[in-house]
Amino acid sequence: MRFYSTVELVNSLEQEKATGKQGQLALSLIQMDLVILDELGYLPFSQVGGALLFHLLSKLYDRTSVIITTNLTFAEWSNVFIDAKLTTELLAPLTHYCHFIKTGNESFGFKQSRATAKEHIMSRELSLRGSLISEKAKVDTDV
């Protein structure tokens, strides 16, 4: 199994191409049982990067299981790959044997950070209330 942030994978593919070693990453990933690409579309990448990712996913098709996480609809994928035709060509093999798992609109990390923030605010408010009660009791005893 191999896990990548999608933009980091695209950067690796572009670097591989720049150094004349194109295809080596694909050869190693074909040997994996599973490749996970996290946060497709979260950060932009170049049109060349999109083409390289398309090429990689085409090589993995029918050989390696791929999980892609994204908060984008398929209609929005053309914004990531810039080329609508390339996006359509990519989606055909990706959706051939796929299972869709929709987890909702809110990420787990965001939900957790929001809960932590609420706890922090409540704790701070309780602390402030305790301080105010102590101050009021001190004033009452001084009078």
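Residues numbered from 1 in each chain as written. Predicted model: local features only at pLDDT ≥ 70, side-chain atom pairs only at ≥ 80, totals over all residues. Heavy atoms only, no water.

Quick notes on the sheet that holds strand β3 (residues 65–70)
The sheet built from 3 strands is open, its strands ordered β1-β2-β3 with parallel pairing. Across the chains shown, the open sheet's two edge strands, defined by having one partner strand only, are β1 (2–5) and β3. Within the sheet, the average angular offset between the axes of one strand and its neighbour, ignoring direction, is 15 degrees. Of the strand pairs in this sheet, β1 and strand β2 (residues 34–40) are connected by 4 bridges, and their pairing is parallel. Paired with Tyr-4 across the bridge in β2 is Leu-37. Docked against the sheet, helix α1 (residues 6–18) engages β1 and β2, running at close to 95 degrees with respect to β1. (Pairing = 2+ DSSP bridges. Helix = DSSP H or I, 4+ residues; strand = E, 2+ residues; numbered from the N terminus. Axes fitted to C-alpha atoms, helices over the stretch in contact; angles between N-to-C directions. Contact = heavy atoms within 4.5 Å.)

Notes on unusual backbone geometry
Excluding glycine, residues mostly have negative phi values, and the peptide bonds linking residues are mostly trans. With a phi close to 60 degrees, Glu-39 is a non-glycine residue in the positive phi region. As for its position among the elements, Glu-39 is in strand β2. A relative accessible area of 38% places Glu-39 in the partly exposed class. Despite not being glycine, Asp-62 shows a phi value in the positive range, around 70 degrees. Along the chain, Asp-62 falls in the loop between α3 (47–60) and β3. According to the relative accessible area criterion, Asp-62 is exposed, its value standing at 56%. (Buried < 20%, exposed > 50% of the residue type's maximum accessible area, 1.4 Å probe, protein only.)

Observations regarding the packing of aromatic side chains
Per the counting criterion, the structure on display carries 5 aromatic pairs. Seen in terms of ring centroids, Tyr-61 and Tyr-97 are 6.2 Å apart; in terms of plane orientation they differ by 20 degrees. Their pairing is stacked. Taken together, the positions of Tyr-61 in the loop between α3 and β3 and Tyr-97 in the loop between α5 (84–94) and α6 (108–142) put the pair 36 residues apart, joining distant regions of the chain. Judged by its relative accessible area of 55%, Tyr-97 falls in the exposed class. Judged by centre distance (6.3 Å) and plane angle (40 degrees), the ring pair of Trp-77 and Phe-81 falls under tilted. Here Trp-77 pairs with Phe-81, and both are found in helix α4 (residues 77–81), just 4 residues apart, close to one helical turn. (Phe/Tyr/Trp six-rings, centres within 6.5 Å; stacked < 30°, edge-to-face > 60°.)

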